[in-house]
Amino acid sequence: MSKFKLLTVLGALALACGAEVEPSAVDAALVADDQCSAEGEDGALCMLNALQMKAAKLEVDAAAESEPSSCTSGMVGQVRSFAPGCLDACPQACGPLGVAMNAYMTKGGQPAAKTAVCQYKSQFSCFLSSSVWPQCKELVEKAASFGFTLPHSVPQLNAGCE
């Protein structure tokens, strides 16, 4: 594939994405990529692949930055500010924690929250694991002071959900 054809393909991709790409910028990027041969069709294909991978990575990075994490936004984000180590150790539980908190506040207090906790028992068990519990204990005790009673062990969690 000639460099001109490659530039044409890249230009078409850029137009499809709504971006303007200067040919000199593409040339500079192709020259700067020292992982691909600068000559021949194989070199052009390698460079195109490298540019596509870089564009895909940038797109993923931009999406991750624009979408708030369930651990850092809303009510769960406020809880995280009190005990970041706890929630950071169990990111899979952030969404379920938000569900439980919402149920507590809008659907009937502790019984509604218990239903949500039991629905996501495996995610909540992370908070109770021996390696994470020391980081979460203070948070669980603080929640209890607000009437949001949580189990202190996996057996308590299992017994409460039977």
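The structure this text deals with has already been given above.
Computed from a prediction, not measured in an experiment: that's the story for all the values here. (Residues numbered from 1 in each chain as written. Predicted model: local features only at pLDDT ≥ 70, side-chain atom pairs only at ≥ 80, totals over all residues. Heavy atoms only, no water.)

1. As for the layout of surface pockets
Where empty space is left becomes clear once a probe the size of a water molecule has been rolled over the atoms.
Phase 1: If you add up the space inside the largest pocket, you get close to 450 Å³.
Phase 2: Lining the largest pocket are 21 residues, and of these V79, M101, L139, A143 and F148 sit closest to its centre.
Phase 3: Going through the elements one at a time, α4 (74-82), α6 (94-106), α8 (121-128) and α9 (133-145) are the ones with two or more residues in the lining of the largest pocket.
Phase 4: It is α9 that provides the largest number of residues to the lining of the largest pocket, a total of 5 residues.
Phase 5: For the lining of the largest pocket, a count of residues per class yields 20 nonpolar, no polar and 1 charged. (1 Å grid on protein atoms, 1.4 Å probe; cavity = no way out; pocket = protein on both sides within 12 Å on 5 of 7 lines; lining within 4 Å. Points joined across faces, edges and corners; volume = space filled by probe spheres on them. Helix = DSSP H or I, 4+ residues; strand = E, 2+ residues; numbered from the N terminus. Nonpolar A, V, L, I, M, F, W, Y, C, P; charged D, E, K, R; others polar.)

2. Regarding the packing of aromatic side chains
Phase 1: Throughout the structure, instances matching the rule amount to 1 aromatic pair.
Phase 2: With 6.0 Å between their ring centres and 65 degrees between their planes, F124 and F127 make a pair best called edge-to-face. Separated by 3 residues within a single helix, F124 and F127 lie in helix α8, roughly one turn from each other. Each member of the pair, F124 together with F127, is buried. (Phe/Tyr/Trp six-rings, centres within 6.5 Å; stacked < 30°, edge-to-face > 60°. Buried < 20%, exposed > 50% of the residue type's maximum accessible area, 1.4 Å probe, protein only.)

3. Some words on the packing of α4 against α6
Phase 1: In contact at an axis separation of 8 Å, α4 and α6 are set at 110 degrees when each is read in the N-to-C sense. Taken together, the axes of α4 and α6 lie roughly perpendicular to each other. Listed contacts from α6 to M75, V76 and V79 of α4 are C94, L97, G98, M101, N102 and M105. (Axes fitted to C-alpha atoms, helices over the stretch in contact; angles between N-to-C directions. Parallel < 35°, antiparallel > 145°, perpendicular 65-115°, else oblique. Contact = heavy atoms within 4.5 Å.)

4. Let's talk about the pattern of salt bridges
Side chains bearing opposite charge may pair, as long as their charged atoms lie close to each other.
Phase 1: Here the structure, examined in full by the defined rule, presents 1 salt bridge.
Phase 2: Residue R80 pairs with D88 through a salt bridge whose shortest N-O separation is 2.8 Å. (Salt bridge = Lys/Arg side-chain N within 4 Å of Asp/Glu carboxyl O.)

5. Observations regarding the nonpolar core
Phase 1: The biggest cluster of nonpolar side chains holds 30 residues, and the ones touching the most others in it are C86, L87, L97, F124, F127 and F148.
Phase 2: Where this core is concerned, the elements lending two or more residues are α4, α5 (84-89), α6, α7 (109-119), α8 and α9. (Core = buried A, V, L, I, M, F, W, Y, C linked by side-chain atoms within 4.5 Å.)

6. Points about α7
Phase 1: Regarding α7, the residues found buried are G109, A112, A113, A116 and V117. Looking straight down α7, one finds that the buried residues subtend no more than 140 degrees of arc, so they occupy a single side. In α7, the exposed residues that point more than 90 degrees away from the buried face are P111, T115 and Q119.
Phase 2: Against α6, α8 and α10 (154-160) lie the buried residues of α7. (Arc of directions from axis to C-beta.)

7. Details of the state of the cysteines
Put plainly, two cysteines are in a disulfide when a covalent bond ties their sulfur atoms together.
Phase 1: All told, the structure shown has 4 disulfides when counted by the stated rule.
Phase 2: Between the sulfur atoms of C86 and its disulfide partner C136 the distance amounts to 1.9 Å. Here the disulfide of C86 and C136 is right-handed, its torsion about the S-S bond being about 100 degrees. On the criterion of sequence distance, the pair formed by C86 in helix α5 and C136 in helix α9 is long-range, its members being 50 residues apart.
Phase 3: Given the relative accessible area of 1%, C86 is considered buried. (Disulfide = S-S within 2.5 Å.)

8. What about the environment of L87?
Phase 1: With respect to the element layout, L87 can be found in helix α5.
Phase 2: Sequence separation between L87 and C126 is 39 residues, and the spatial gap between their C-alpha atoms is 9.6 Å.
Phase 3: Apart from residues no more than four positions distant in its own chain, L87 is found in contact with C71, V76, V79, R80, C94, L97, F127 and L139.

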